[in-house]
Amino acid sequence: MSERPVAEEGLLKLHRNGPVLFVALHRPRKRNALNDRAVLELEACFAGLDPQVRAVVLYGTGDHFCAGLDLSELSERDVAEGIAHSSMWHRAFQRIEFGAVPVVAVLHGAVIGGGLELAAACHIRIAEEGAYYALPEGQRGIFVGGGGSVRLPRLIGAARMADMMLTGRTYDAAEGERVGFSQYLVRRGEGLAKARLVAEAIAANAPITNFAVVQALPRIAAADPATGYMMESLVSAIAQNEPEAKARIRDFLAGKAKKTTV
Ligand code: 1HE
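Residues numbered from 1 in each chain as written. Predicted model: local features only at pLDDT ≥ 70, side-chain atom pairs only at ≥ 80, totals over all residues. Heavy atoms only, no water.

Turning our attention to the pairing of strand 3 (residues 20–25). Strand 3 sits mainly inside the fold: 6 of its 6 residues count as buried. By the bridge criterion, 6 bridges tie strand 2 (residues 12–17) to strand 3 in an arrangement that is antiparallel. Note on strand 3: the bridge partner recorded for arginine 16 is leucine 21. Linkage of strand 2 to strand 3, two consecutive antiparallel strands, is achieved through a turn of 2 residues, within which glycine 18 is found at a positive phi near 60°. Where strand 3 lies against strand 4 (residues 55–60), 6 bridges are found, and the strand directions are parallel. Opposite leucine 25, over in strand 4, you have glycine 60 as the bridge partner. In this region the chain leaves strand 3, passes through helix 1 (residues 36–47) and returns to the parallel neighbour strand 4; the handedness of that crossover is right-handed. (Buried < 20%, exposed > 50% of the residue type's maximum accessible area, 1.4 Å probe, protein only. Helix = DSSP H or I, 4+ residues; strand = E, 2+ residues; numbered from the N terminus. Pairing = 2+ DSSP bridges. Right-handed = clockwise from strand over helix to strand, strands pointing away.)

On the basis of which strands lie adjacent, the open sheet formed by 3 strands has the order 6-8-9 and mixed pairing. Two strands close off the open sheet at either side, each with one partner strand: strand 6 (110–112) and strand 9 (171–172). Across 2 bridges, strand 8 (residues 132–134) lies against strand 9 in antiparallel orientation. Across the sheet, tyrosine 132 pairs through a bridge with aspartate 172, a residue of strand 9. Helix 3 (residues 114–121) contacts strand 6 and strand 8 of the sheet and is inclined by roughly 90° relative to strand 6. (Contact = heavy atoms within 4.5 Å. Axes fitted to C-alpha atoms, helices over the stretch in contact; angles between N-to-C directions.)

All right, on to helix 5 (residues 148–156) then. The set of residues buried in helix 5 consists of Gly148, Arg151, Leu152 and Ile156. Taken around the axis of helix 5, the buried residues stretch over an arc of 110°, which confines them to a single face. Looking at the buried side of helix 5, the elements it contacts are helix 2 (79–97), helix 3, helix 6 (158–167) and helix 7 (173–179). Where helix 5 ends, the next residue or the one after it, glycine 157, has phi of about 95°, a positive value. (Arc of directions from axis to C-beta.)

You can see aspartate 70 is positioned in the loop between strand 4 and helix 2. On the basis of relative accessibility, which here comes to 6%, the residue aspartate 70 falls in the buried class. For aspartate 70, the side chain forms a polar contact with the side chain of arginine 27, separated by 2.8 Å. Not counting chain neighbours up to four residues away, the residues in contact with aspartate 70 comprise Arg27, Ala33, Leu34 and Asn35. (Polar contact = N/O pair within 3.5 Å; in protein donor to acceptor, adjacent residues only side chain to side chain.)

Turning our eyes to something else, we now look at unusual backbone geometry. Backbone geometry at arginine 31 places phi at a positive 55°, although glycine is not the residue there. Considering the arrangement of structural elements, one finds arginine 31 in the loop between strand 3 and helix 1. What makes arginine 31 partly exposed here is its relative accessible area of 45%. Here asparagine 32, not a glycine, exhibits a phi torsion of approximately 60°, which is positive. Along the chain, asparagine 32 turns up in the loop between strand 3 and helix 1. By relative accessible area, which is 2% here, asparagine 32 ends up buried.

So, about the packing of helix 1 against helix 2. It is the contact of helix 1 with helix 2, at a shortest axis distance of 8 Å, that shows an interaxial angle of 30°. Remark: the crossing between helix 1 and helix 2 carries left-handed chirality. Residue-level contacts link Asp36, Val39, Leu40, Leu42, Glu43, Phe46 and Ala47 of helix 1 to His85, Met88, Trp89, Arg91, Ala92, Phe93, Arg95 and Ile96 of helix 2. The class makeup of the residues in the contact of helix 1 with helix 2 is 10 nonpolar, 1 polar and 4 charged. (Left-handed = near helix turned anticlockwise from the far one by under 90°. Nonpolar A, V, L, I, M, F, W, Y, C, P; charged D, E, K, R; others polar.)

Take it as geometry only, folks, not as evidence of what the structure does.
So this is what it looks like as structure tokens:
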């Protein structure tokens, strides 16, 4: 692919390919463990997306997606500092979950602790064979702090999450696809290529649809049904009123719609 480097410094490595921004966690010697600086870089990256970016692919360099919280920074925090630290993670990951565009994560190797929390904040997860999921917080004497107890039960259920935290149970890539960690499972080394196809399909959608999937769908899913139905009607009416929706439907009826499959 023709890649245009947009930034090389810091703990993230970014490159653009047309409407898709590729964001790499780039601290392979520490297995992409997330220190404060990396979390703040993620927040800044997702807060400042170029409006031309229509989808993001998030992946890790080296042999692992992410080893979670940088344990070397977790030494002398008191309770107030602990709350501030967790809130910083929440802020950064909400920039991803409720950002401007859908985010596709490519998971390989270790997807552990805060790394799994980060993956859960993305909209689509593509796992490579060899990926594995763990929440070793129980063994480390801590608790999730990056939104995991809100997001992970939605993916795999609270009972599975409790089991992982209490016993150290891990899930491999195939099991992870079955229980809901990932929506796709591909062979080793093929995650980025698949993510590119998926991201390009997303980028070809009407922006209002992508916006509604990112912003409205999770809120509707979390709302009480009566509120959810009302919100759905409003979002549906807004989307279909867009000139782009009318043009796309005209194209379909005239047999001119583009067919995209991933
Ligand atoms: C780290 C970290 C880290 C590696 N913080 N430095 N996360 C964990 O409990 C996972 C801890 N890490 C591991 O279990 C393993 O490192 C891996 C399975 C991910 C990879 O194993 P391996 O054999 O490839 O690497 P390694 O030899 O264990 O680690 C290489 C280096 O990375 C080594 O440093 P070095 O200076 O000795 O070379 C490790 O210390 C360093 N490293 N992982 C700091 N996590 C918001 S709350 C979230 C709560 C959590 O995330 S809890 C889970 C934390």
